[in-house]
Amino acid sequence: MIKGWIFDLDGVITDTAEFHFKAWKQLADEEGLSFTREDNEQLRGVSRADSLRLLLKGKTVTDQHFEEMMTRKNGYYQELVEKMGPEDALPGARELVKELRSRGIKTAIGSSSRNAGRVIELLQMEDIFDTIADGHSVANAKPAPDLFLHAASQLGLSPDECVVVEDAEAGVEAALAGGMCAVGIGPAERVGKAHYVYAETADIDLKEVMG
Ligand code: GL1
Ligand code: MG
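To keep things clear, this report deals only with the structure shown in the data block. Since we're looking at a predicted model, the values are computed, not measured.

For the rest of this paragraph, the subject is the site of ligand 1. Looking at ligand 1, the residues that line it are D10, H20, W24, L43, V46, R48, S51, K73, S112, S113, R114 and N115. Within the backbone of L43, a nitrogen or oxygen atom sits 2.9 Å from an oxygen atom of ligand 1. For ligand 1, an oxygen atom lies 2.7 Å from a polar atom in the side chain of R48. A majority-of-atoms criterion places ligand 1 in the largest pocket. Only helix 1 (17-31) and helix 3 (48-56) provide two or more residues apiece to the shell around ligand 1. Among the residues forming the shell around ligand 1, the class breakdown is three nonpolar, five polar and four charged.

Right, here's the structure in full:
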């Protein structure tokens, strides 16, 4: 019996991927690293530190330089994000979360991003989620199931009572590893391992998933 839905943020509730791309790109340019839109696809759902490791493509740097680069990228990202507002929720996202709540289903955010709380605030969605699990909540990032397990426990639910909505391969893997029902958003090549796959958040068929 499904009693809770856990939503990834970037790519499911809102499309911040472009902001992350711009911020990583600025950092890459400053550091003389090559970084394309294709490279950016690999960062989907990946934590800040793991993203920077992918960006460095094996190049070694001091711990201090690594930390400084993460801080610099985050500054660029935060500048872009502050321009967001309620209109930046993806089509159907707010409506879906509200519909679930009207059915007595608990709702959570399960995002790798350390900026998830601020983004939810800017979207004016704080009051439609029971809890926010983000990049600060657990040590092991997706594809480890830890973040979603943490969100489920915050909701007071067991993993098999939860649905996870994800647009990243690493996120679908995390949901499956946690024993949850996975809804994938995007192409089958990316999220095909999920139990249900839809092109966009707006396409999610509640009847199909809830039975
Ligand atoms: C981190 C990464 C981003 C992106 C998100 C996941 O966000 O830096 O590139 O992969 O996780 O959606 P943040 O820096 O906000 O913690
Ligand atoms: Mg995502």
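Surrounding the magnesium ion (ligand 2) are the protein donor atoms D8 (OD), D10 (O) and D167 (OD), which sit 2.0 to 2.1 Å from the metal. Each donor residue of the magnesium ion (ligand 2) lies on one chain, and together they are spaced D-x1-D-x156-D. Within this pair, whereas D10 is found in the loop between strand 1 (4-7) and helix 1, its partner D167 is found in the loop between strand 4 (162-166) and helix 8 (169-177), the two being separated by 157 residues in sequence. Note on accessibility: D10 and D167 belong to one class, buried.

Definitions and limits used
Residues numbered from 1 in each chain as written. Chains lettered and ligands numbered in written order. Predicted model: local features only at pLDDT ≥ 70, side-chain atom pairs only at ≥ 80, totals over all residues. Heavy atoms only, no water. Near = heavy atom within 4 Å. Polar contact = N/O pair within 3.5 Å; in protein donor to acceptor, adjacent residues only side chain to side chain. 1 Å grid on protein atoms, 1.4 Å probe; cavity = no way out; pocket = protein on both sides within 12 Å on 5 of 7 lines; lining within 4 Å. Sits in = over half its atoms within 2 Å of the grid points. Helix = DSSP H or I, 4+ residues; strand = E, 2+ residues; numbered from the N terminus. Nonpolar A, V, L, I, M, F, W, Y, C, P; charged D, E, K, R; others polar. Donors = N, O, S within 2.8 Å, 3.2 Å for Na, K, Ca; no water. Buried < 20%, exposed > 50% of the residue type's maximum accessible area, 1.4 Å probe, protein only.

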